[in-house]
Amino acid sequence: MCDVEAQVQPTKTIKENFTINLFLRTIFHVIYFVWFVCVLSWGCMIWFTITDDQLKHPILKDLKILAPFFFTNWNFTFQTVFLGLSLLHDVLEWCDKQKSSLGAKIKYWRDVIFCGMVLPFTLFVTGMFWTVYAIDRELVFPKIYDEVVPWWFNHCVHTNITVVLVVETLLQARRHPTNQRLELILYWIVAFAYAIVYYTIYFVTDRWLYQVFGVMNWWQVCLYQLFIWGISYFFYKMQFPLNRLIHGSDTETDNNEEKHINDVFHDNDRQTDVLNPDENGKVNTDLETNLPEKSWSMKFRNIKNNVENSRL
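Residues numbered from 1 in each chain as written. Predicted model: local features only at pLDDT ≥ 70, side-chain atom pairs only at ≥ 80, totals over all residues. Heavy atoms only, no water.

I'd like a description of the packing of aromatic side chains, backed by residues and values.
Applying the stated criterion across every chain, the model contains 41 aromatic pairs. Taking the centre distance of 4.3 Å and the plane angle of 10 degrees together, the rings of Phe 36 and Phe 76 count as stacked. In this pair, Phe 36 sits in helix H1 (residues 2–48) while Phe 76 sits in helix H4 (residues 71–94), placing the two residues 40 residues apart along the sequence. Each ring, one from Phe 129 and one from Trp 130, has its centre 4.9 Å from the other, and the planes form 85 degrees; the classification is edge-to-face. Exposure remark for Trp 130: the relative accessible area of 24% places this residue in the partly exposed category. The positively charged end of Lys 64 is found above the aromatic ring belonging to Trp 47, 4.3 Å away from the centroid. (Phe/Tyr/Trp six-rings, centres within 6.5 Å; stacked < 30°, edge-to-face > 60°. Helix = DSSP H or I, 4+ residues; strand = E, 2+ residues; numbered from the N terminus. Buried < 20%, exposed > 50% of the residue type's maximum accessible area, 1.4 Å probe, protein only. Lys NZ or Arg CZ within 6 Å of the ring centre and 35° of its normal.)

Could you give me a rundown of the pattern of salt bridges, with the residues and numbers involved?
The tally for this structure, following the rule as stated, stands at nine salt bridges. Of the charged contacts in the structure, one is a salt bridge between Asp 111 and Arg 174, with a shortest N-O distance of 2.9 Å. Here Asp 111 is found in helix H5 (residues 101–135), whereas its partner Arg 174 is found in the loop between helix H7 (160–171) and helix H8 (180–205), with 63 residues between them in sequence. The two residues Asp 111 and Arg 174 agree in class, both being buried. For Asp 146, the salt bridge is made with Arg 137, and the minimal N-O distance between the two is 3.2 Å. You can call Asp 146 partly exposed: its relative accessible area is 39%. Bridged by salt links that share partners, the residues Lys 107, Arg 110, Asp 111, Glu 168 and Arg 174 form one connected network. (Salt bridge = Lys/Arg side-chain N within 4 Å of Asp/Glu carboxyl O.)

Take a look at the structure:
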């Protein structure tokens, strides 16, 4: 009897901890997703309400024209998409549907986007912006921007985004990459694409998107570009050891979750392999089963043909 009670008590504690963690994650994702949507809407309003008098200033004119190309806005969009996926997965967890096909796919892309895009680029945006801002704000956020951009909006897109990383890392364990190859592909696509964007703007308009590039010569620009890619890649690689330091190394749980997601993603492929015959006319079966290569219906057909062709 004591042994039974000892087994029930840890199970109950684990369930309570899971519910508390899920509750905290849900509250966090609801608040921040709604907040980020409001900030994005406010940013669009700022963009549309810049007056003609303000557009007479060349810096504010560039702000209106080039606003969609600022990496801060790209990164903020990545975070909003991530928060939306996180909130949707939380809802599925409350409904006990997180292990369904839809739940597994949402969790997969949620973690891939966070690890490959949100975390490395958020740390880069926050760290680089405030470092250059402390040296000379005119190089990244000219003082005239204060006429159209509220101070709180600046902190929402450059400071508050790091709070998302801290809270998310504390509440959600991501000890290993979900799909390292895909995460790095997304990372390098964004990194190279954005480099093409601001170099194209320079060669077309003869103006840098960020004035910090304007105080450098070309070899310094090249070194700075390599530094940008290197530091962002470093942030990507360091998130996993840091996460294991916080949540511990639970490789068995991670492997089980990864196996479940892979099973869901490849389930359709396995069914296709079973149902479609190969070039020799044989029906393939799942390697994990002990069924023969030919189905029972084909065997029955062969027996029937032998009986009909036999002489009694």
